[in-house]
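In case you want the letters, here they are:
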Amino acid sequence: MTSRPYVVLSVAASLDGYIDDATPERLLLSNDEDFDRVDSVRAGVDAILVGASTIRADDPRLMVRSEDRRAKRLADGQPESPVKVTITASGEIDPEAKFFTTGDIDKIAYTTAAAVRPCQLASGTPPRS
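Only a predicted model underlies this, so the values are computations on that prediction, with no experimental measurement involved.

**Regarding a negative patch on the surface**
Judged by side-chain charge, D20, D21, E25 and D58 come together as a negatively charged surface patch. Along the chain, E25 turns up in the segment before α1 (32-43).

In structure tokens form, the structure reads like this:
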């Protein structure tokens, strides 16, 4: 282990370099095999970070999907899915978003001082410094 965190970035992009389009529908750029690969990566990390815009647009669950991978995490003394982390400038995230309501794991929102109160209301928990 080094003194720096080990970071994995996972993103799907189209052949022309786009990761989304301008429509309100979620753009799926992966197939079932790639979704399984992403689930395997997710099962091997401590936390998963998504931006607040992703929560608003896609409402992701951010949970390990494979029952076998969840069982292995639990057997290894880890929660069944990684901690959920988001970054938001405004704090305007729906408290009913799956980010908050899915999974019995920690959820962390990093924000500006001005947006602490909206984040508090969304998460239902007091802010941490």
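**Overview of the environment of A114**
Mapped onto the secondary structure, A114 falls in the loop between β3 (107-111) and α5 (116-123). Placed 25 residues apart in sequence, A114 and A89 show a C-alpha to C-alpha distance of 8.4 Å.

**Looking at unusual backbone geometry**
The backbone of D59 sits at a positive phi, close to 50°, despite the residue not being glycine. Relative to the elements of secondary structure, D59 occurs in the loop between α2 (52-58) and α3 (67-75). Accessibility expressed as a relative area gives 27% for D59, which makes it partly exposed. The phi torsion at L62 lies on the positive side, around 60°, for a residue other than glycine. Structurally, L62 is set in the loop between α2 and α3.

**A look at α3**
Where α3 begins, the capping side chain belongs to S66, and its oxygen is found 3.3 Å from the backbone nitrogen of D68. Where α3 terminates, the next one or two residues include G77, which has phi positive at roughly 85°.

**Focus on the sheet that holds strand β2 (residues 83-88)**
Strands sit in the order β1-β2-β3 across an open sheet of three strands; the sheet is parallel. Edge positions in the open sheet fall to β1 (47-51) and β3, since each of these has one partner strand only. Averaged over all pairs of adjacent strands, the angle between their axes in this sheet comes to 20°, without regard to strand direction. Examined bridge by bridge, β2 and β3 share five bridges and lie parallel to one another. By the bridge assignment, V85 is partnered in β3 with I108.

Thresholds, definitions, all that
Residues numbered from 1 in each chain as written. Predicted model: local features only at pLDDT ≥ 70, side-chain atom pairs only at ≥ 80, totals over all residues. Heavy atoms only, no water. Patch = residues over 30% accessible without salt bridge, like charges linked within 9 Å, V, L, I, M, F, W, Y side chains within 5 Å. Areas by Shrake-Rupley, 256 points an atom, 1.4 Å probe, with all protein chains shown as cover. Salt bridge = Lys/Arg side-chain N within 4 Å of Asp/Glu carboxyl O. Lys, Arg positive; Asp, Glu negative; His and termini not counted. Charge placed at Lys NZ, Arg CZ, Asp CG, Glu CD. Helix = DSSP H or I, 4+ residues; strand = E, 2+ residues; numbered from the N terminus. Buried < 20%, exposed > 50% of the residue type's maximum accessible area, 1.4 Å probe, protein only. Polar contact = N/O pair within 3.5 Å; in protein donor to acceptor, adjacent residues only side chain to side chain. Pairing = 2+ DSSP bridges. Axes fitted to C-alpha atoms, helices over the stretch in contact; angles between N-to-C directions.

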